Amino acid sequence: MTIPNKKLDQTIESMQNDLIETLKGWLSIPSLKAPASATNAPFGPEIRRMVDLALADARRLGFDPRDIDGYAVDMEIGQGDETVAVLTHLDVVPAGEGWQTPAFEPTIKDGKLYARGVVDNKGPSVAAMFAMKAIREAGIPLQKKVRLVLGCDEESGWADMDYYKKKIGLPDVGFSPDAGYPLINTEKGICRLILALTLPVEGNAAFPIRTIQSGERANVIPSTAEAELSGDFQTIQSKAMAFAQSTNDASSYPIQVEPIDGGARITVGGVGGHASMPELGKNAAARLLQLLAALEAGGTSRPAITLLAQAIGGDTDGTGFGIAGSDGVSGALTINLGILTLTEGKLTATFDVRYPVLFSEEQIVRFVTMRVEELGFTVSTGHGNPPHHVPETRPVVRALLSAYEKVTGLPPSTMAIGGGTYARAMREAVAFGSVFPDEEAVAHQADEYMALDRLMLNTRIIAHAIIALAGE
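What you are looking at is a predicted structure, and each value in this text was computed from that prediction instead of being measured. (Residues numbered from 1 in each chain as written. Predicted model: local features only at pLDDT ≥ 70, side-chain atom pairs only at ≥ 80, totals over all residues. Heavy atoms only, no water.)

## Overview of helix α3 (residues 45-60)
Compared with the 22 Å implied by 1.5 Å per residue over 16 residues, the 23 Å span of α3 between its first and last C-alpha is a close match. Looking at the buried positions of α3, the neighbouring elements they touch are α2 (16-27), β1 (66-67), β2 (72-78), α4 (118-137) and β6 (145-151). Of the residues one or two after α3, Gly-62 is the one with positive phi, at around 95°. (Helix = DSSP H or I, 4+ residues; strand = E, 2+ residues; numbered from the N terminus. Expected span 1.5 Å × (residues − 1). Contact = heavy atoms within 4.5 Å.)

Here's what the structure looks like:
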């Protein structure tokens, strides 16, 4: 069908102020997963508060939304026997350190809106809702139903999608604006590896390790890491500073040493980011392991610290664990050390591995276990997903690329990513948006932002994408 570009685009433009104010309201809620607080709040009170606001805004915009028991919100436009889904999410990762403005006080500066979740994924969620409203107000007929699903557990365990599929069900076709343009038709597999080791008493050591703490989520590159050591403070400080000066990237990993009772607290800084692109960040936990190994810190913990420092301290491709590799469909494997703790005699390291389509979780677990079992580590897995691939020849890919090229004038193409989106929840769904090829990746980082003009461009692209999929 011929898309009435001018009328649709004018309708979207007229909604700009409302769209931005609605988004700011959503961004003000720290929708972090927490223990269930009620029967309709399976992910805690803040996500419940976010669900209530999304429902209220959807009703205000003329939709008839459904509350899926606090697991998700959905709403529809169009008619017909077939349904196309747009999947986004309302939960966010923790703010972390290093923000110039408060993470949950949305701030507009130089044409950019700063807040945790503005890119991942509340900005695209609001854009999709307003795109659907614009299609309806512009009077554009749809031959299929279009359902927007706002999930609430994308950043953690996907319990929302499991519940939604069992209770409501999902169509086969759709897209998730939770990655980048032009279009992602291949997503690597995701494997969460948990290495755990129970240690005897530290015993005689120059610098026994009391505690280690770094990271909150496996899928976030930790920007800070902290260890408390026993021993002579001056010696620890001197050795730590010598280690920092011996490297070429000391400015990327600032090290602070402060005295505590009978020892020292070492804090290592880094640069956070999304675990799917660990090479773009500076992993403070991995750097701390290297420092502790250089200090020869720990007694009974020293062999384990040394092994982890060698396995993860210097690379992000799995070489240290013997799992590096790639394929021609999805590219190279990546690994991120997301959480590192040592407390009460238990050392735990949680890794986020993004693996190529031709690899398997079983292979990865087997190789890592072979690398660490001699020291007594147990290896288990947490939430994960198999790889996802939709061939370029499929109609959903062709339709979305056509809409992207029509709106932007930019060349269409497909690509593979390490990120995991809700596209995996459907048989023929892809990730489509919201970051443009010339933009930096800021999801999960401090000072996450989206340019306002790109927010509106996203809204236009999503609207045209919906029409391309459901209007013919």
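## Description of empty space enclosed by the protein
Sizing a probe to match a water molecule and rolling it over the atoms shows the empty space that remains. All chains considered together, the criterion is met by one cavity of 30 Å³ or more. Taken as a whole, the largest cavity spans an internal volume of roughly 40 Å³. Lining the largest cavity we find Ile-221, Gly-272, Gly-273, His-274, Met-277, Leu-280, Gly-281, Ala-441 and Gln-445. Here the lining of the largest cavity is built from residues that sort into four nonpolar, five polar and no charged. (1 Å grid on protein atoms, 1.4 Å probe; cavity = no way out; pocket = protein on both sides within 12 Å on 5 of 7 lines; lining within 4 Å. Points joined across faces, edges and corners; volume = space filled by probe spheres on them. Nonpolar A, V, L, I, M, F, W, Y, C, P; charged D, E, K, R; others polar.)

## Structural notes on the sheet that holds strand β14 (residues 255-260)
Here eight strands make up an open sheet; going across it, the order is β14-β15-β13-β11-β19-β20-β10-β21 and the pairing antiparallel. Of all strands in the sheet, those bounded by a partner on one side alone are β14 and β21 (378-381). On average, each strand axis in the sheet is inclined to that of its neighbour by 20°, with strand direction left out of account. On the sheet, helix α6 (residues 233-245) packs against β13 (224-230), β14 and β15 (263-269) and is oriented at approximately 175° with respect to β14. (Pairing = 2+ DSSP bridges. Axes fitted to C-alpha atoms, helices over the stretch in contact; angles between N-to-C directions.)

## Overview of the environment of Arg-192
Its place among the elements puts Arg-192 in strand β10 (residues 189-198). Residue classification places Arg-192 among the buried residues on the basis of a relative accessible area of 11%. If we ignore the near neighbours within four places in the chain, the residues touching Arg-192 are Ser-156, Ala-218, Asn-219, Phe-351, Asp-352, Arg-354, Ser-380, Thr-381, Gly-382 and His-383. Looking at Arg-192, its side chain comes within polar contact range of the side chain of Asp-352, at 2.8 Å. (Buried < 20%, exposed > 50% of the residue type's maximum accessible area, 1.4 Å probe, protein only. Polar contact = N/O pair within 3.5 Å; in protein donor to acceptor, adjacent residues only side chain to side chain.)

## Thoughts on the packing of α4 against helix α11 (residues 452-470)
Following both chains from N to C, one finds α4 and α11 inclined at 55°, their axes separated by 8 Å at the closest point. The angle between the axes of α4 and α11 places the two elements in the oblique class. Relative to α11, the crossing made by α4 is right-handed. Taken together, the residues of α11 that come into contact with α4 (itself represented by Gly-123, Pro-124, Ala-127, Ala-128, Phe-130, Ala-131, Met-132 and Ile-135) are Leu-455, Thr-459, Ile-462, Ala-463, Ile-466 and Ile-467. (Parallel < 35°, antiparallel > 145°, perpendicular 65-115°, else oblique. Left-handed = near helix turned anticlockwise from the far one by under 90°.)

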